[in-house]
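One letter stands for each residue in the lines below.
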Amino acid sequence: MTGFFLPMSFVTGLLGINVGGIPGADAPHGFWLACLLIGGVATFQWWVFRRLRWL
């Protein structure tokens with residue numbers, strides 16, 4: 001379970017810090033781009049784990 005959620009937690013933690021200069025913070029679609037990034041990481045991990053027959 002940790003192997004699946006750790007990369008997504010890292011991305012959300014990195015994007016959740018409260019400092020200026022975060023890429024996409026001023027973009028109107030920055031939130032949705034971050035959601036797509038996290039969803040892409042989850043999909044990639046699911047694909048890798050299925051390929052390795054861990055799921």
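Worth saying up front: this structure is predicted, and the values here are computed from it rather than measured. (Residues numbered from 1 in each chain as written. Predicted model: local features only at pLDDT ≥ 70, side-chain atom pairs only at ≥ 80, totals over all residues. Heavy atoms only, no water.)

Moving on: a nonpolar patch on the surface. Where nonpolar side chains cluster on the molecular surface, the patch consists of Phe44, Trp46, Trp47 and Leu55 and spans about 490 Å² of accessible area. Within the secondary structure, phenylalanine 44 sits in helix H2 (residues 30-51). Relative accessible area serves as the criterion here: at 52%, phenylalanine 44 is assigned to the exposed category. (Patch = residues over 30% accessible without salt bridge, like charges linked within 9 Å, V, L, I, M, F, W, Y side chains within 5 Å. Areas by Shrake-Rupley, 256 points an atom, 1.4 Å probe, with all protein chains shown as cover. Salt bridge = Lys/Arg side-chain N within 4 Å of Asp/Glu carboxyl O. Helix = DSSP H or I, 4+ residues; strand = E, 2+ residues; numbered from the N terminus. Buried < 20%, exposed > 50% of the residue type's maximum accessible area, 1.4 Å probe, protein only.)

The phi dihedral of arginine 53 falls on the positive side, at around 60°, and the residue is not glycine. Position of arginine 53 relative to the elements: it lies in the segment after H2. Residue arginine 53 is classed as exposed on the basis of its relative accessible area, which comes to 75%.

The next thing to look at is H2. Between the first and last C-alpha of H2 there are 31 Å, a value that for 22 residues agrees with the 32 Å anticipated at 1.5 Å per step. Where H2 is buried, its residues contact helix H1 (2-15). Count one or two residues on from H2 and you reach arginine 53, which has phi positive near 60°. (Expected span 1.5 Å × (residues − 1). Contact = heavy atoms within 4.5 Å.)

Note that glutamine 45 resides in helix H2. With sequence-adjacent residues up to four places away left out, glutamine 45 is seen in contact with Gly3, Phe4, Pro7 and Met8.

That's the geometry; what it means functionally is another story.
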